[in-house]
Amino acid sequence: MGAKTRAAIVIAAMLFAATPAIAQKKVERKIPLGMEGAIRIVNMVGSVVVHGWDKDTLMVRGTLGAGDNFYMGGAYTGAKMGVESVNERDPKPARLEVWVPAHVRLWVKTATASIDVNGVDGGLDLYVVSGTIDVTGNPHELNAEAIDGDIHITGSPPWVRAKSASGTIVFQGASSDAAFSTVSGAVKVDGGIFERTK
């Protein structure tokens, strides 16, 4: 094997190895959002991780698939963000990490993307098809629904509703008004005092 052939192979290997990195697009944006505001997030495939913090700012960092688009906008009282796939029949995974004011009303919808929320004590409305929902903290209201995915809640939301068809629901904490339902999965509860439970 000649020197030119070896060099061509090395260059081809480097280009092939770099393809996944080139294919992904990075996102980093932030806008003002009030502590009592509302935020809607849509990401069909990949993951959505949300952290509550004590700033009146909405910030997101993440990566998108090649050619996919990210949108974000709103005002001080409400905002929305999401990922638009170039090919809706074959969406590429997008990974979003989001920081929101801790008291906001948060709504997240995904298909196979997992949802992980921590430190948000406002109202949560979370929906997945086959992803997993993880919530850590004490939101004053929590509604979580997964068709085929699992739901894990650690905390003591005063009002909580968790529903799954075939997934497992795990709750560790306490609540004054709680309802859990699943068709073929298990429900596991371990915690403190429950005033009204179904």
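Residues numbered from 1 in each chain as written. Predicted model: local features only at pLDDT ≥ 70, side-chain atom pairs only at ≥ 80, totals over all residues. Heavy atoms only, no water.

## Concerning the sheet that holds strand E13 (residues 151–155)
1) Next: Across the sheet, which stays open at both edges, the nine strands sit in the order E1-E4-E7-E3-E9-E11-E13-E15-E17 with mixed pairing between neighbours. Each edge of the sheet is formed by a strand with only one pairing partner; in this case those strands are strand E1 (25–32) and strand E17 (187–194). The average undirected angle you get between the axes of adjacent strands in this sheet is 10 degrees.
2) Next: Pairing between strand E15 (residues 169–175) and E17: six bridges, direction parallel. Within E17, the position partnered with Ile169 by the bridge is Val187. (Pairing = 2+ DSSP bridges. Helix = DSSP H or I, 4+ residues; strand = E, 2+ residues; numbered from the N terminus. Axes fitted to C-alpha atoms, helices over the stretch in contact; angles between N-to-C directions.)

## Thoughts on the pairing of strand E8 (residues 105–109)
Within a regular strand, the side chains alternate between the two sheet faces.
1) Next: The two faces of E8 differ: Leu106 and Val108 on one face are buried, but Arg105, Trp107 and Lys109 on the other face are not.
2) Next: As paired elements, E8 and strand E10 (residues 123–128) share four bridges and run parallel to each other. Its bridge partner lying in E10, Leu106 is registered against Leu124. (Buried < 20%, exposed > 50% of the residue type's maximum accessible area, 1.4 Å probe, protein only.)

## Quick notes on the nonpolar core
1) Next: If you look at the biggest cluster of nonpolar residues, it comprises 40 residues, and the most contacted ones within it are Ile39 and Ile41.
2) Next: Among the elements that make up this core, the one with the highest residue count is strand E7 (residues 94–101) (four residues).
3) Next: The residues contacting Ile39, other than those within four sequence positions of it, are Leu33, Leu58, Ala79, Lys80, Met81, Val100, Val104, Arg105, Leu106 and Trp107. (Core = buried A, V, L, I, M, F, W, Y, C linked by side-chain atoms within 4.5 Å. Contact = heavy atoms within 4.5 Å.)

## Examining the sheet that holds strand E6 (residues 78–84)
1) Next: Reading across the sheet, the eight strands line up as E5-E6-E2-E8-E10-E12-E14-E16 and stay open at both edges, with mixed pairing between neighbours. For this open sheet the edge positions go to strand E5 (69–75) and strand E16 (177–182), each flanked by a neighbour on one side alone. Averaged over all pairs of adjacent strands, the angle between their axes in this sheet comes to 5 degrees, without regard to strand direction.
2) Next: Two strands pair when backbone bridges link them, and strand E2 (residues 38–42) and E8 are joined in this way by five bridges, in the parallel orientation. Within the sheet, the bridge partner assigned to Ile41 lies in E8 and is Val108.

## A short note on the pattern of salt bridges
1) Next: With the rule as written, the count across this model stands at four salt bridges.
2) Next: One salt bridge connects Arg196 with Asp177, and the closest N-O pair in it is separated by 2.5 Å. Note that Arg196 is positioned in the segment after E17 and Asp177 in strand E16, a separation of 19 residues in sequence.
3) Next: When its relative accessible area of 11% is taken as the criterion, Asp177 is described as buried. (Salt bridge = Lys/Arg side-chain N within 4 Å of Asp/Glu carboxyl O.)

## Observations concerning the pairing of E7
1) Next: Most of E7 sits inside the fold, with six of its eight residues counted as buried.
2) Next: Alignment of strand E3 (residues 46–53) against E7, held across eight bridges, turns out to be parallel. Counterpart to Ser47 in the pairing with E7 is Arg95.
3) Next: Bridge analysis of strand E4 (residues 57–64) against E7 gives five bridges, and the strand direction is antiparallel. Within E7, the position partnered with Thr63 by the bridge is Arg95.

## Some words on the environment of Lys109
1) Next: Summarising the element assignment, Lys109 is placed in strand E8.
2) Next: For Lys109, a relative accessible area of 35% gives the class partly exposed.
3) Next: In this structure, the C-alpha to C-alpha distance between Lys109 and Leu126, residues 17 residues apart in sequence, is 6.2 Å.
4) Next: When residues no more than four places from it in sequence are discounted, the contact partners of Lys109 are Ile41, Val42, Asn43, Met44 and Tyr127.

## A word on the confidence of the model for the protein
1) Next: Per-residue confidence for the protein averages 90 on the pLDDT scale, and 88% of its residues sit at or above 70.
2) Next: A low-confidence stretch, residues 9–22 (pLDDT under 50), is modelled with one contact involving residues beyond four sequence positions or located in other chains. (pLDDT = per-residue confidence, 0-100.)

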